[in-house]
Amino acid sequence: MDPEVWSRLPPDLLDRILSLLPLKTFLRLAPTCKHFQSVTFSPPFIFKHTSSPSPFSSFLLCSHPHFHHHYPLYDTNLNAWRKASLSLSGPLLSRATLLSISHGRLCFPLPHSSSFLISNLLSKTSSIVNFPVNPFPFEVFTLVPSSNGRHYWLFMLCSSSSGSNNAFLYDSRLQLWRRFDQVDSVLGHNSLQTGVFYNGYLNFTALDPLSISCFNLENGSWGKPVRNLPNGLTFARLVGNGDEKMFLVGGIGEDGISRGMKVWESGGNGGGNWVEIESVPEVICRKFMSICYHNYEHVYCFWHKGLICVCCYNWPEVLYYKVSRGSWHWLPKCPSLLEKWSCGFRWFSLVPDLYAFV
């Protein structure tokens, strides 16, 4: 480490040496020097940390109003709860509630300034996205990552003073919002779930009547997929793992009451029918239906590294399906949760990504 030797190394060789450091060690070293900080964007460093499995664990993150910006983390690599929770603080976050997570980006609405805070905790970067309308009483919000995860879109459905809905789309590459009117002519006044990105479209399930609508992120057009929904559905939720596949989790029953729950897989690019791949075992299904009290608006689903997670806002456990093994499991309850906390649970998939630019 003689400075006379170190300073004479060719820059590309120096970057190569630094890229071989363990990532956690390097992130502690980077703030000490501008050159070290710039190494994170050098070709050797990017190649190493994007062409190999992430050196960080991935987590299921639990949010609850009583946590006050402390988020318990379940390590899905170790299959255990972390002793330390994720803690966020700062003047901007004092009144903010975690809204969405995607590709390592955390999104918080800042209602008093009609803006969003987008943050990457791993790279310790953040940005403010100002909304063009004040206030912004959005009803549906989706943080959409690009296929490579490097940029993102923000999609919102907002109610106007006239009672109609407008769609807004923010592109992080252009740093611009686009507005799309006449949404009601396509969707009516349906209550939509959070969108799922698949094959260039943002796909939504509407509750009444039960249907699927899709939004083209490039031209802003709405449409209906060719594929038909399975018969006998009492509720339906979409789950996507990027551009590879899309899944449908739905209840099966009569008169709006679910007696079973199944999982389907999309049957082709934009067309074909849904292909049933799994039924939830009867004992597990009975427990889940008793949890949500047949109030299916409280049910939501998301994808996490090979797992289809099925959750309910009023229950502190997660039911998940391991796609590779075809098996169902319950996530153990977080030991820091108190028994009296009975509603307001929000679960997110947190996969740290150093190159998720904000």
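Preceding this paragraph is the structure being described.
Because the structure is predicted, anything quoted here is derived from the model rather than measured.

A. Expanded view of the environment of Thr 97. Inspection of the secondary structure puts Thr 97 in the loop between strand E5 (86–87) and strand E6 (100–102). The class of Thr 97 is exposed, set by a relative accessible area of 52%. Among all residues touching Thr 97, those that are not within four sequence positions of it are Cys 107, Phe 108 and Pro 109.

B. Here's a closer look at unusual backbone geometry. Residue His 103 is not a glycine yet carries a positive backbone phi of 50 degrees. Mapped onto the elements of the fold, His 103 is located in the loop between E6 and strand E7 (105–110). By relative accessible area, His 103 is classed as partly exposed at 34%. Non-glycine residue Ser 114 carries a positive phi angle of around 50 degrees. Summarising the element assignment, Ser 114 is placed in the loop between E7 and strand E8 (115–120).

C. The arrangement of the packing of aromatic side chains in detail. Tallied over the full model, the rule gives 18 aromatic pairs. With centroids separated by 5.9 Å and ring planes inclined at 50 degrees, the aromatic side chains of Trp 81 and Trp 347 adopt a geometry described as tilted. Of this pair, Trp 81 sits in strand E4 (residues 80–81) while Trp 347 sits in strand E26 (residues 346–350), and the two are 266 residues apart along the sequence. For Trp 81, a relative accessible area of 16% puts it in the buried group. Summarising the aromatic geometry, the rings of Phe 131 and Trp 177 are spaced 4.9 Å apart at their centres and angled 90 degrees between planes, so their arrangement reads as edge-to-face. Of this pair, Phe 131 sits in the loop between strand E9 (125–130) and strand E10 (138–145) while Trp 177 is found in strand E13 (residues 176–180), placing the two residues 46 residues apart along the sequence. In this pair, the class of Phe 131 matches that of Trp 177, namely buried.

D. Spatial organisation of the sheet that holds strand E16 (residues 211–216). An order of E14-E15-E16-E17 is seen for the four strands of this open sheet, with the pairing classed as antiparallel. Pairing within the sheet leaves two strands with one partner each, and these edge strands are strand E14 (196–198) and strand E17 (222–223). Pairing of strand E15 (residues 201–206) with E16, which is carried by six bridges, proceeds in the antiparallel orientation. Looking at E16, one finds that Tyr 201 is bridged to Asn 216.

E. Inspection of the pairing of E10 at higher detail. Counting buried residues in E10 gives six out of eight residues, a clear majority hidden from the surface. Sheet topology note: the E10/strand E11 (residues 152–159) ladder contains seven bridges and is antiparallel. Paired with Phe 138 across the two strands is Cys 158, which belongs to E11. Hairpin connection, E10 to E11: the antiparallel pair is bridged by six residues, and Gly 149 has positive phi, about 80 degrees.

F. How the structure looks around the pattern of salt bridges. Applying the stated rule across the entire model yields seven salt bridges. As a salt-bridge pair, Arg 82 and Asp 75 come within 3.1 Å of each other at their nearest N and O atoms.

G. Summary view of helix H7 (residues 282–292). Of all the residues in H7, the buried ones are Ile 284, Cys 285, Phe 288, Met 289, Ile 291 and Cys 292. On an axial view of H7, the arc spanned by its buried residues comes to 155 degrees, and they lie on one face. Of the exposed residues in H7, those oriented more than 90 degrees away from the buried face are Glu 282 and Val 283. Elements that come into contact with the buried residues of H7 comprise strand E18 (233–240), strand E20 (257–265), strand E22 (299–304), strand E23 (307–312), strand E24 (319–322) and strand E25 (327–330). At the exit of H7 stands Tyr 293, carrying a positive phi of roughly 55 degrees.

H. Highlighting the pairing of E9. As judged from the six bridges shared by E8 and E9, these two strands associate in the antiparallel manner. Bridge assignment links Ser 119 to a residue of E9, and that residue is Ser 126. Turn length for the E8-E9 hairpin, with the two strands adjacent in sequence and antiparallel, is four residues, and the turn residue Lys 124 shows positive phi of about 55 degrees.

I. Inspection of the nonpolar core at higher detail. Grouped together as the largest cluster of nonpolar side chains are 22 residues, with contacts concentrated most on Val 249, Met 261, Phe 288, Met 289, Val 310 and Trp 328. Among the secondary structure elements, those contributing two or more residues to this core are E18, strand E19 (246–254), E20, H7, E22, E23 and E24. Top contributing element to this core by residue count: H7, with six residues.

J. Looking closely at the state of the cysteines. In total, this model carries zero disulfides according to the counting rule given. For Cys 301, which is in no disulfide, the shortest distance to another cysteine sulfur is to Cys 311 and amounts to 7.1 Å. The class of Cys 301 is buried, set by a relative accessible area of 14%.

What counts, and at which threshold
- Residues numbered from 1 in each chain as written.
- Predicted model: local features only at pLDDT ≥ 70, side-chain atom pairs only at ≥ 80, totals over all residues.
- Heavy atoms only, no water.
- Helix = DSSP H or I, 4+ residues; strand = E, 2+ residues; numbered from the N terminus.
- Buried < 20%, exposed > 50% of the residue type's maximum accessible area, 1.4 Å probe, protein only.
- Contact = heavy atoms within 4.5 Å.
- Phe/Tyr/Trp six-rings, centres within 6.5 Å; stacked < 30°, edge-to-face > 60°.
- Pairing = 2+ DSSP bridges.
- Salt bridge = Lys/Arg side-chain N within 4 Å of Asp/Glu carboxyl O.
- Arc of directions from axis to C-beta.
- Core = buried A, V, L, I, M, F, W, Y, C linked by side-chain atoms within 4.5 Å.
- Disulfide = S-S within 2.5 Å.

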